[in-house]
Amino acid sequence: MAASSSSSSICFKSTGFPSARPIFSPSRLFPVTNISPRSLLLNDRRSLLSSSGSRLRFSALCVHDSKATEVTERSWENSVLKSETPVLVEFYTSWCGPCRMVHRIINEIAGDYAGKLNCYVLNADSDSLVAEEYEIKAVPVVLLFKNGEKRESIIGTMPKEFYVSAIERVLNS
């Protein structure tokens, strides 16, 4: 399970969660446990919030800084649609292996284009209404916006140069 904030993300391994169900990535290579607020039973939610006797234990697997900020359904309009600066949004899910590869590229791009392009990430599982609005049926997907309009979409994992070309087209339009 991945927990993230606007400046960093932490990857966790969960143990002892009765309502967690094993699922598989699209490639069927990496079995993962899918835990989302919707999949948690009420008792599990109470346990998660309780500091004593919790049935959920996390152990940190990795920590890395993120230059791309998390955007949610609540912040979507102000951060993306009303932005005066062009915007890149990476749609991802926590269980998606290729999304991790794309995220590393988007992180580099966020540093390279600081001040010229706002880079965001959106969890398609957590904010499914936004994903549905833009007809995101698979992840990873990167959308580029300018003046509140979608200008480019990139589906799947591509080399950095592919994203840079799309960004340059949007910036020069």
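Just so it is clear, the model here is predicted, and its values are computed rather than measured.

Overview of the packing of aromatic side chains
Two numbers describe a pair of aromatic rings. These are the distance of the centres and the angle of the planes.
Then step 1. Tallied over the full model, the rule gives four aromatic pairs.
Then step 2. An angle of 55° between the planes, with centres 6.1 Å apart, marks the rings of tryptophan 76 and phenylalanine 91 as tilted. A residue pair is termed long-range when its members are at least 10 positions apart, and tryptophan 76 in helix 2 (residues 76–81) and phenylalanine 91 in strand 7 (residues 87–92) qualify at 15 residues. Assigned by exposure class, tryptophan 76 and phenylalanine 91 land together as buried.
Then step 3. Where tryptophan 76 meets phenylalanine 145, the ring centres are 5.6 Å apart and the plane angle is 85°; that geometry is what we call edge-to-face. Taken together, the residues span a long stretch of sequence, with tryptophan 76 in helix 2 and phenylalanine 145 in strand 9 (residues 141–146) at a distance of 69 residues. The burial state of tryptophan 76 is the same as that of phenylalanine 145; both residues are buried.

Some remarks on the packing of helix 3 (residues 97–112) against helix 5 (residues 160–171)
Then step 1. Contact pair helix 3 / helix 5: the axes reach a minimum separation of 10 Å and the direction vectors enclose 45°. Relative to helix 5, helix 3 is oriented oblique. For the crossing formed where helix 3 meets helix 5, the hand is right-handed. Packed against helix 3, whose contacting residues are Val102, Ile105, Ile106, Glu108, Ile109 and Asp112, the element helix 5 presents Lys160, Tyr163 and Ile167 at the interface.

Description of the pairing of strand 7
Then step 1. Of all six residues in strand 7, six are buried; the element is thus mostly enclosed.
Then step 2. Since strand 7 and strand 8 (residues 118–123) lie parallel, the crossover through helix 3 that links them has a hand, and here it is right-handed.
Then step 3. Pairing geometry for strand 7 and strand 9, over five bridges, is antiparallel. Its bridge partner lying in strand 9, phenylalanine 91 is registered against valine 141.

Thoughts on the pattern of salt bridges
Then step 1. Scanning all chains against the criterion turns up four salt bridges.
Then step 2. The residue glutamate 152 makes a salt bridge to arginine 169 at a minimum N-O spacing of 3.0 Å. With a gap of 17 residues between them, glutamate 152 in strand 10 (residues 149–155) and arginine 169 in helix 5 connect regions that are remote in the sequence.
Then step 3. Classification of arginine 169 by relative accessible area gives partly exposed; the value is 44%.

Structural notes on the sheet that holds strand 9
Then step 1. Spatially, the five strands line up as an open sheet ordered 6-8-7-9-10, and their pairing is mixed. Both outer strands of the open sheet, strand 6 (69–70) and strand 10, are each paired with one neighbouring strand and no more.
Then step 2. Looking at chain direction, strand 6 and strand 8 are connected through two bridges and run parallel. Bridge pairing links threonine 69 to tyrosine 120 in strand 8.
Then step 3. In the packing of helix 3 onto the sheet, the strands contacted are strand 7, strand 8 and strand 9, and the crossing angle to strand 7 comes to about 160°.

Each value, and the rule that gives it
- Counting restarts for each chain, with residues numbered from 1 along the sequence as it is written.
- Local features in this predicted model are restricted to residues whose pLDDT is 70 or higher, and side-chain atom pairs enter the listing and the counts only when it is 80 or higher, whereas totals over whole chains, interfaces and linings include all residues.
- The side-chain values count all of the structure's non-hydrogen atoms but skip hydrogen atoms and water molecules.
- The pairing test for Phe, Tyr and Trp rings, Trp by its six-membered ring, is centres within 6.5 Å, and the orientation test on the planes gives stacked under 30 degrees, edge-to-face over 60, and tilted for anything in between.
- A run of H or I in DSSP becomes a helix once it reaches four residues, and a run of E becomes a strand once it reaches two; helices and strands are each numbered from the N terminus.
- Exposure categories follow from relative accessible area, calculated using a 1.4 Å probe and restricted to protein chains: below 20% of the type maximum is buried, above 50% is exposed, and the middle band is partly exposed.
- Axis angles are defined between N-to-C directions and span 0 to 180 degrees, where every axis is a line fitted to C-alpha atoms and, for a helix, only to the segment in contact.
- Each angle is binned into one of four classes, with values under 35 degrees roughly parallel, values over 145 roughly antiparallel, values of 65 to 115 roughly perpendicular, and all other values oblique.
- A clockwise turn of the near helix away from the far one marks a right-handed crossing, whereas an anticlockwise turn of less than a right angle marks a left-handed crossing.
- Whether two residues are in contact is decided by their heavy atoms, any of which lying within 4.5 Å being enough.
- By convention, orient the strands away from the viewer: a clockwise path from the first strand over the helix to the second makes the crossover right-handed.
- Strand pairing is assigned whenever DSSP detects at least two bridges linking the two strands.
- Whenever a carboxyl oxygen of Asp or Glu lies within 4 Å of a side-chain nitrogen of Lys or Arg, that contact is scored as a salt bridge.

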